[in-house]
Every structure is written in C-alpha cells, then in structure tokens.
Amino acid sequence: MNNRIILIGIYCPAVSKRYDFCADDGLLVSQAVKLALREIMEYENNSELFSIPENTAVFTSLSSKPLDPSVKLCDYGIVSGSELIII
C-alpha cells in the first residue's frame, strides 16, 4: 500500500485553537504528534507549550480513548478531513 499525504485538523485546547496539518498516513501516531507539536510551538512562538511531550495524549474526535503512539495513522482510519485532539 502506498502512503498518502493527508490533511487533518488538530484541535489543541492548550491554546484553544485548531490547526491544519499535513502528514503521511503511514506515519506512526508518535511521529505525527512530534511533528505537529513542533509546528504548533513554532507557529505560536512558544517553546514551552508542550514542555513534556511524553505527557501528550492524542484522541480522534470520535473516540474517548487515546491513540496508541506505536500505531500508524492509516491503521486508525485517519484520512484527509479527520480531526484529532492533542491534550
């Protein structure tokens, strides 16, 4: 299966904002989160926003269970238009 670039929405309650984020659907959740956090901190010009990334949890807008960091985005059915929440 070929990996695809997907556009997902990421809501971050820490700053009460939603961001659009492009990622390869073959990335592990942990890899995608690391990239997203770096981009959010850079965009917000706040390097302390996620000072302990290991304490960050990611949810889909449809589930109350956190996503497993070792699973690929595509294995969760995350496609363009999906919404994630980073807490």
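Residues numbered from 1 in each chain as written. Predicted model: local features only at pLDDT ≥ 70, side-chain atom pairs only at ≥ 80, totals over all residues. Heavy atoms only, no water.

**Q** How should I be thinking about the sheet that holds strand β1 (residues 5–12) in this particular structure?
**A** The strands making up a sheet associate through hydrogen bonds between their backbones, and the pairing can be parallel or antiparallel. Taken together, the 4 strands give an open sheet; going across it, the order is β2-β1-β4-β3, and neighbouring strands pair in mixed fashion. Across the chains shown, the open sheet's two edge strands, defined by having one partner strand only, are β2 (17–24) and β3 (58–60). The mean inter-strand angle of the sheet, taken between neighbouring strand axes irrespective of direction, is 35°. In terms of strand pairing, β3 meets strand β4 (residues 83–86) through 3 bridges, oriented antiparallel. Across the sheet, Val58 pairs through a bridge with Ile86, a residue of β4. (Pairing = 2+ DSSP bridges. Helix = DSSP H or I, 4+ residues; strand = E, 2+ residues; numbered from the N terminus. Axes fitted to C-alpha atoms, helices over the stretch in contact; angles between N-to-C directions.)

**Q** Before we go on, may I ask you to explain the packing of aromatic side chains in this structure?
**A** For any pair of aromatic rings, the description rests on two quantities: the centre-to-centre distance and the angle between the ring planes. Under the defined criterion, the tally for this structure stands at 1 aromatic pair. Judged by centre distance (6.0 Å) and plane angle (80°), the ring pair of Tyr19 and Tyr43 falls under edge-to-face. Of the two residues, Tyr19 sits in strand β2 while Tyr43 sits in helix α1 (residues 29–44), which places them 24 residues apart along the sequence. A residue is classified by how much of its surface remains accessible, and Tyr43, at 63% relative accessible area, is exposed. (Phe/Tyr/Trp six-rings, centres within 6.5 Å; stacked < 30°, edge-to-face > 60°. Buried < 20%, exposed > 50% of the residue type's maximum accessible area, 1.4 Å probe, protein only.)

**Q** How should the nonpolar core be read in this particular structure?
**A** Soluble globular proteins: nonpolar side chains tend toward being buried together. In terms of nonpolar packing, the biggest core is built from 23 residues, with Ile10, Phe21, Phe50, Leu73, Ile78, Leu84 and Ile86 touching the most fellow members. Every element with two or more residues in this core is listed here: β1, β2, α1 and β4. Considering every element that reaches this core, the biggest residue donor is α1, with 7 residues. Excluding residues within four positions of it along the chain, Ile86 makes contact with Ile10, Tyr11, Cys12, Pro13, Ala36, Leu37, Phe50, Thr56, Ala57 and Val58. (Core = buried A, V, L, I, M, F, W, Y, C linked by side-chain atoms within 4.5 Å. Contact = heavy atoms within 4.5 Å.)

**Q** Would you take a moment to explain the pattern of salt bridges for this structure?
**A** Should their charged atoms come close, side chains of opposite charge can pair. All chains considered together, the criterion is met by 4 salt bridges. The residue Arg4 makes a salt bridge to Asp25 at a minimum N-O spacing of 3.4 Å. You can see Arg4 sitting in the segment before β1 and its partner Asp25 sitting in the loop between β2 and α1, a full 21 residues away along the chain. Bridged by salt links that share partners, the residues Arg18, Asp20 and Glu83 form one connected network. (Salt bridge = Lys/Arg side-chain N within 4 Å of Asp/Glu carboxyl O.)

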